[in-house]
Amino acid sequence: MRNYDLEFLKRFSLVILFLLAVMVALIFAGIHLGKSIPPEVSKSAQQQTVNRIAPTGSVYAGAEGDLRKQAAADAALARAKANVAFGGTLDGKVIYDGLCGACHTSGSGGAPTLAGAQFKARLAKGEETLIKNAIEGFTGAAGVMPARGGNPSVSDEQIKATVEWMLAQ
């Protein structure tokens, strides 16, 4: 081999070695940047974040505020009624066990238990009155009955079926 061929091979080898070093450096830089840049957030995750940090209350003032407050309350009630509780069942025992039994089993808050004459005194007012009080809520001398047992998604039919089941017991 001639002298200038050896010189060419040396320089060519150095160029290849330099390019190889640049390639390795770029690979490590890409890995580092890939770890430091946050991944793209999906649209559903962004919407969940927006819903989570959205304000929970509103300020209502004056006559227009009263109208908006009533509209908001109506909308909330409509949303709650759209999500029917207990899968829409009309089995009074299922609803009693899942909702009413918490108070009516122990008698907490003045709630009448299924045993004894506590319901007989209330039944004197009439079954329709009991159903109305269970739907709308009632505050009496003996205690408080929250509207729909505290679950606004329970339908009127479900309340009626549950009251009838409780009276049958």
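Residues numbered from 1 in each chain as written. Predicted model: local features only at pLDDT ≥ 70, side-chain atom pairs only at ≥ 80, totals over all residues. Heavy atoms only, no water.

## Some thoughts on the packing of helix α6 (residues 127–136) against helix α7 (residues 156–168)
Right, so step 1: Across the interface, α6 lies against α7 with an axial gap of 9 Å and an inter-helix angle of 130°. If you check the angle between α6 and α7, you find them oblique. The interaxial crossing formed by α6 with α7 has right-handed handedness. Here α6 contributes Glu127, Leu130, Ile131, Ala134 and Ile135 to the contact with α7, which in turn contributes Asp156, Ile159, Lys160, Val163, Glu164 and Leu167. (Axes fitted to C-alpha atoms, helices over the stretch in contact; angles between N-to-C directions. Helix = DSSP H or I, 4+ residues; strand = E, 2+ residues; numbered from the N terminus. Parallel < 35°, antiparallel > 145°, perpendicular 65-115°, else oblique. Left-handed = near helix turned anticlockwise from the far one by under 90°. Contact = heavy atoms within 4.5 Å.)

## Describing the packing of aromatic side chains
Right, so step 1: Per the stated rule, a full pass over the model turns up two aromatic pairs.
Right, so step 2: Taken together, a centroid distance of 5.8 Å and an interplanar angle of 20° make the contact between Phe8 and Phe12 stacked. In this pair, Phe8 and Phe12 are both assigned in helix α1 (residues 3–36), four residues apart and thus about one turn of the helix distant.
Right, so step 3: The partly exposed category is assigned to Phe12, whose relative accessible area is 43%.
Right, so step 4: On the numbers, 5.2 Å between centres and 40° between planes, the contact of Tyr96 with Trp165 is tilted. In this pair, Tyr96 is assigned in helix α4 (residues 92–104) and Trp165 in helix α7, connecting sequence segments 69 residues apart. Residues Tyr96 and Trp165 agree in their burial class; the two are buried. (Phe/Tyr/Trp six-rings, centres within 6.5 Å; stacked < 30°, edge-to-face > 60°. Buried < 20%, exposed > 50% of the residue type's maximum accessible area, 1.4 Å probe, protein only.)

## Brief notes about the environment of Glu127
Right, so step 1: Along the chain, the position of Glu127 falls in helix α6.
Right, so step 2: Each C-alpha atom, one on Glu127 and one on Ala76, is 29 Å from the other, the two residues being 51 residues apart in sequence.
Right, so step 3: Each residue touching Glu127, except ones within four places of it in the same chain, is listed here: Glu164 and Leu167.

## A short note on the nonpolar core
When a protein is soluble and globular, its nonpolar side chains tend to lie buried together.
Right, so step 1: Ranked by internal contacts, the top residues of the largest apolar core, which has 14 residues, are Tyr96, Val154, Ile159, Val163 and Met166.
Right, so step 2: Elements that contribute at least two residues to this core include exactly α4, α6 and α7. (Core = buried A, V, L, I, M, F, W, Y, C linked by side-chain atoms within 4.5 Å.)

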